[in-house]
Amino acid sequence: MADLSRYLPLSRRPDVDESGVTADRRVETAEVLRALAVVLRAGGAATWTRPTERAGWRVAEVAAELARGFDRSRTRRAIDAAERFVRGGEARRLDELEPLPSPDAAAAAFDARADELLARERPTGIVELDDAVVAALLVGGAAGTSVPLSPRASGAVALRRAAAAPTEIRAVIAGRTLRATDAGWEFGHGSPLVDTADGMLRFLTGIGTVAPHPPTDAERPKPDA
């Protein structure tokens with residue numbers, strides 16, 4: 001199983017040739033946006049109004065927040081994230097959010113953004129990929145499905161979230177290796193904790209409360225023949 005840190009620029013790695021390593025996440029972000037568009041079109045009006053795991057937020061609001069937040073600066077994203085933890089912050093964000101008219105409108109916005117990302121020369125960093133993945137987790141959970149995420153997308157966001165995890169999450173993962181049982185990536189040091197990529201991301205983003213667990217015999221890597 002590959003250690004994802006080999007494929008990502010990490011300051012604490014040994015000095016190696018990083019000419020083939022990139023922090024550009026245009027391709028991964030575009031893939032997630034297009035997958036979200038597929039789920040929204042398939043779910044239609046029924047999925048559009050379902051509640052998500054973010055209290056008070058339906059699929060419609062999660063989709064609108066993602067679409068309206070394209071091209072936010074790092075500073076703006078940090079402020080928006082901090083406001084979620086302020087008393088009444090979530091309600092205020094909902095009040096200020098400009099809605100989208102339909103799931104088809106959201107899907108069209110996501111497809112257009114994906115085309116724009118792939119066509120432009122300017123790279124896309126991890127923060128926009130993180131936004132898209134969080135929306136995918138919330139929408140997928142409400143729709144009763146999993147929005148497909150590539151191993152590079154799920155692994156990059158998991159690594160970012162683990163590095164900046166709040167105290168209660170860091171207490172669980174500190175000194176452990178995190179391994180996605182269905183995505184072929186792992187990172188960290190110490191005895192492993194495992195889950196699917198979806199489950200790992202739900203825990204690391206705070207959307208879910210089920211922590212990764214020590215591997216069962218069936219979840220342990222098979223020795224090479």
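Residues numbered from 1 in each chain as written. Predicted model: local features only at pLDDT ≥ 70, side-chain atom pairs only at ≥ 80, totals over all residues. Heavy atoms only, no water.

### Points about the pattern of salt bridges
Working step 1: Counted under the stated rule, the structure contains 19 salt bridges.
Working step 2: Here D71 ties to R122 by a salt bridge, and the two come within 3.8 Å at their closest N and O atoms. You can see D71 sitting in the loop between α2 (59-68) and α3 (74-83) and its partner R122 sitting in the loop between α5 (103-119) and α6 (126-143), a full 51 residues away along the chain.
Working step 3: A relative accessible area of 47% means that D71 is categorised as partly exposed.
Working step 4: Because the salt bridges share partners, they merge into one network encompassing D71, R113, E116, R120, R122 and E128. (Salt bridge = Lys/Arg side-chain N within 4 Å of Asp/Glu carboxyl O. Helix = DSSP H or I, 4+ residues; strand = E, 2+ residues; numbered from the N terminus. Buried < 20%, exposed > 50% of the residue type's maximum accessible area, 1.4 Å probe, protein only.)

### Considerations on the side chain of T177
Working step 1: With respect to the element layout, T177 can be found in strand β2 (residues 177-180).
Working step 2: A relative accessible area of 7% means that T177 is categorised as buried.
Working step 3: A polar contact of 3.4 Å, which involves the side chain of T177, links it to the backbone oxygen of G188.
Working step 4: If sequence neighbours within four positions are ignored, T177 has contacts with E186, F187, G188, H189, G190, S191, P192 and L193. (Polar contact = N/O pair within 3.5 Å; in protein donor to acceptor, adjacent residues only side chain to side chain. Contact = heavy atoms within 4.5 Å.)

### What about α5?
Working step 1: Helix length check: α5, at 17 residues, gives a terminal C-alpha distance of 24 Å against a target of 24 Å (1.5 Å per residue), a fit within 8%.
Working step 2: Buried within α5 are the following residues: P103, A106, A107, F110, R113, A114 and L117. Within α5, the buried residues cover an arc of 125° as seen down the axis, which keeps them to one side.
Working step 3: Residues of α5 that are buried in the fold lie against α1 (26-48), α2 and α6. (Expected span 1.5 Å × (residues − 1). Arc of directions from axis to C-beta.)

### Examining the packing of aromatic side chains
Working step 1: One pass over the full model with this rule turns up 2 aromatic pairs.
Working step 2: Relative to F110, the ring of F70 has its centre 6.4 Å away and its plane inclined at 70°; by these criteria the two rings are edge-to-face. Note that F70 is positioned in the loop between α2 and α3 and F110 in helix α5, a separation of 40 residues in sequence.
Working step 3: You can call F110 buried: its relative accessible area is 1%.
Working step 4: Consider the rings of W185 and F187, whose centres lie 5.6 Å apart with planes at 15°: the pair is stacked.
Working step 5: Cation over ring: R54 sits above W57, and NZ or CZ is 5.2 Å from the ring centre. (Phe/Tyr/Trp six-rings, centres within 6.5 Å; stacked < 30°, edge-to-face > 60°. Lys NZ or Arg CZ within 6 Å of the ring centre and 35° of its normal.)

### Details of the packing of helix α7 (residues 151-163) against helix α9 (residues 197-205)
Working step 1: For the pair α7 and α9, the least separation of the axes is 9 Å and the interaxial angle reads 30°. Between α7 and α9, the crossing angle belongs to the class labelled roughly parallel. Considering the relative orientation of α7 and α9, their crossing is left-handed. Taken together, the residues of α9 that come into contact with α7 (itself represented by S154, V157, A158, R161 and A162) are A197, L201, L204 and T205.
Working step 2: Within the contact of α7 with α9, the residues separate by chemical class into 6 nonpolar, 2 polar and 1 charged. (Axes fitted to C-alpha atoms, helices over the stretch in contact; angles between N-to-C directions. Parallel < 35°, antiparallel > 145°, perpendicular 65-115°, else oblique. Left-handed = near helix turned anticlockwise from the far one by under 90°. Nonpolar A, V, L, I, M, F, W, Y, C, P; charged D, E, K, R; others polar.)

### Overview of the pairing of β2
Working step 1: Burial along β2 is two-sided: the face carrying T177 and R179 and the face carrying L178 and A180 are both buried.
Working step 2: Linking β2 back to strand β3 (residues 185-188) in an antiparallel pair, the connection comprises 4 residues, with G184 at a positive phi of about 75°.
Working step 3: Where β2 meets strand β4 (residues 192-195), 4 bridges bridge the pair, whose relative direction is parallel. Residue pairing in the sheet places L178 in a bridge with L193 of β4. (Pairing = 2+ DSSP bridges.)

### A few points about α1
Working step 1: Here α1 is 23 residues long, yet its end C-alpha atoms lie only 26 Å apart, well below the 33 Å a rise of 1.5 Å per residue gives.
Working step 2: The largest bend in α1 is about 70°, located at A42. (Bend = angle between axes of the 7 residues up to and from the residue.)

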